[in-house]
Amino acid sequence: VQLVESGGGLVQPGGSLRPSCAASGFTFSSYIMSWYRQAPGKERELFAAITSAGGITNYADSVKGRFTISRDHAKNTVYLQVNSLKPDDTAVYYCTVRFKGVEYWGKGTLVTVSS
């Protein structure tokens, strides 16, 4: 299993980004995909998840209405559209999958929100 995040960067408050996560090594269309983030000095936070077929999504209150998770089975990729970014959204963003009882993580992509 391999997960590779990309698409982070430096953005001003109120801006947008679209991080993505390319997956391989498992049948992507059969598994729930999740996004976590970890801000400096804080615990890792699960904030978005999408079912295998993509029909159901869930969000933490901290991002609801601003972030959208989606997936493309043809590209084996899960996306995260992040809008109205705030300085508190600064964190390393990780995608994960639970495969055969093991939670796999990518190396993360850094999102920095600063003026």
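Look up: the structure comes first, before these words.
Computed from a prediction, not measured in an experiment: that's the story for all the values here. (Residues numbered from 1 in each chain as written. Predicted model: local features only at pLDDT ≥ 70, side-chain atom pairs only at ≥ 80, totals over all residues. Heavy atoms only, no water.)

Draft legend 1. Region of interest: the environment of Ala22. One can find Ala22 in strand S3 (residues 20-24). With relative accessibility at 37%, the residue Ala22 sits in the partly exposed group. Sequence separation of Ala22 and Phe47 is 25 residues, and the distance between their C-alpha atoms is 19 Å. Ignoring sequence-local partners within four residues, the contact set of Ala22 consists of Gln2, Leu3, Val4, Asn76 and Thr77. (Helix = DSSP H or I, 4+ residues; strand = E, 2+ residues; numbered from the N terminus. Buried < 20%, exposed > 50% of the residue type's maximum accessible area, 1.4 Å probe, protein only. Contact = heavy atoms within 4.5 Å.)

Draft legend 2. Highlighting the pairing of strand S11 (residues 109-113). What you see with S11 is a clean split: Thr109, Val111 and Val113 sit on the buried side and Leu110 and Thr112 on the side with no burial. Where strand S2 (residues 9-11) meets S11, 3 bridges bridge the pair, whose relative direction is parallel. From the neighbouring strand, Val11 faces S11, where its bridge partner is Val113. (Pairing = 2+ DSSP bridges.)

Draft legend 3. Local environment of the side chain of Arg71. By the element assignment, Arg71 lies in strand S7 (residues 67-72). No salt bridge is formed by the buried Arg71, whose closest oppositely charged neighbour, Asp72, lies at an N-O distance of 8.7 Å. At 2.8 Å, the side chain of Arg71 forms a polar contact with the backbone oxygen of Tyr31. In this structure the side chain of Arg71 is engaged in a polar contact, spanning 2.8 Å, whose partner is the backbone oxygen of Thr51. Apart from residues no more than four positions distant in its own chain, Arg71 is found in contact with Phe28, Ser29, Tyr31, Ile32, Met33, Ile50, Thr51, Ser52, Gly54, Thr77 and Val78. (Lys, Arg positive; Asp, Glu negative; His and termini not counted. Salt bridge = Lys/Arg side-chain N within 4 Å of Asp/Glu carboxyl O. Polar contact = N/O pair within 3.5 Å; in protein donor to acceptor, adjacent residues only side chain to side chain.)

Draft legend 4. Quick look at the sheet that holds S3. The antiparallel open sheet is built from 4 strands, whose spatial order is S1-S3-S8-S7. Single-partner strands in this sheet number two, and they are strand S1 (2-6) and S7. Here the average twist between neighbouring strands, direction ignored, is 15°. With 6 bridges connecting them, S7 and strand S8 (residues 77-82) associate as antiparallel partners. (Axes fitted to C-alpha atoms, helices over the stretch in contact; angles between N-to-C directions.)

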